[in-house]
Amino acid sequence: SPSAGYQTIKVYDVLGNEIAILVNEEKPAGNYEVEFQSSVGGHQLASGIYFYQLKAREYMAVKKMLLIK
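Keep in mind that what you see is a predicted model, and the values were worked out from it rather than measured. (Residues numbered from 1 in each chain as written. Predicted model: local features only at pLDDT ≥ 70, side-chain atom pairs only at ≥ 80, totals over all residues. Heavy atoms only, no water.)

**Topic: the environment of Pro-28**
By the secondary structure assignment, Pro-28 is in the loop between strand 2 (18–27) and strand 3 (39–40). For Pro-28, a relative accessible area of 51% gives the class exposed. (Helix = DSSP H or I, 4+ residues; strand = E, 2+ residues; numbered from the N terminus. Buried < 20%, exposed > 50% of the residue type's maximum accessible area, 1.4 Å probe, protein only.)

**What to know about the sheet that holds strand 6 (residues 59–67)**
Each strand in a sheet pairs with another by means of backbone hydrogen bonds, the pair being arranged parallel or else antiparallel. What the four strands build is an open sheet, ordered 2-1-5-6; its pairing is antiparallel. Unpaired on one side and paired on the other, strand 2 and strand 6 mark the two borders of the sheet. On average, each strand axis in the sheet is inclined to that of its neighbour by 15°, with strand direction left out of account. (Pairing = 2+ DSSP bridges. Axes fitted to C-alpha atoms, helices over the stretch in contact; angles between N-to-C directions.)

**Let's talk about unusual backbone geometry**
Unlike most non-glycine residues, Arg-57 shows phi in positive territory, near 55°. Of note, Arg-57 is situated in the loop between strand 5 (48–56) and strand 6.

**Considering the packing of aromatic side chains**
Taken as a whole, this structure holds zero aromatic pairs when the rule is applied. Residue placement shows Lys-27 over the ring face of Tyr-32; its charged tip is 4.4 Å from the ring centre. (Phe/Tyr/Trp six-rings, centres within 6.5 Å; stacked < 30°, edge-to-face > 60°. Lys NZ or Arg CZ within 6 Å of the ring centre and 35° of its normal.)

**Brief notes about the environment of Val-34**
Topologically, Val-34 is positioned in the loop between strand 2 and strand 3. Through-space distance from the C-alpha of Val-34 to that of Leu-22 is 7.2 Å; in sequence the pair is twelve residues apart. Once you skip the residues sitting within four places of it in the chain, Val-34 turns out to touch Ile-9, Leu-22 and Val-23. (Contact = heavy atoms within 4.5 Å.)

**Observations concerning the pairing of strand 1 (residues 5–12)**
Of all eight residues in strand 1, six are buried; the element is thus mostly enclosed. Here eight bridges tie strand 1 to strand 2, and the two strands are oriented antiparallel to one another. Counted as the bridge partner of Lys-10 is Ile-21 from strand 2. Linkage of strand 1 to strand 2, two consecutive antiparallel strands, is achieved through a turn of five residues, within which Gly-16 is found at a positive phi near 90°. One ladder, built from six bridges, connects strand 1 with strand 5; its direction is antiparallel. Each residue of the ladder has a partner; that of Lys-10, found in strand 5, is Gln-53.

**A short note on the side chain of Gln-53**
Mapped onto the fold, Gln-53 is located in strand 5. Those residues within four positions of Gln-53 in sequence are excluded, and the remaining contacts are Thr-8, Ile-9, Lys-10, Tyr-12, Met-60, Ala-61 and Val-62.

Here you go:
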């Protein structure tokens with residue numbers, strides 16, 4: 001069952017470089033939406049494949065996403 005805990009969502013490029021941290025905080029159990037901006041530090045990200053890593057307590061998953069401009 002879902003439970004509260006520390007959660008992170010990080011975005012990586014295809015070379016494995018961390019390019020953004022979207023979530024990095026303690027959150028109560030529930031459903032959330034996160035908006036991903038295609039600019040990081042004033043630099044526009046190129047179209048292409050990126051990966052995001054979700055960690056929530058003992059759960060961890062890495063998924064692929066495609067950025068299209």
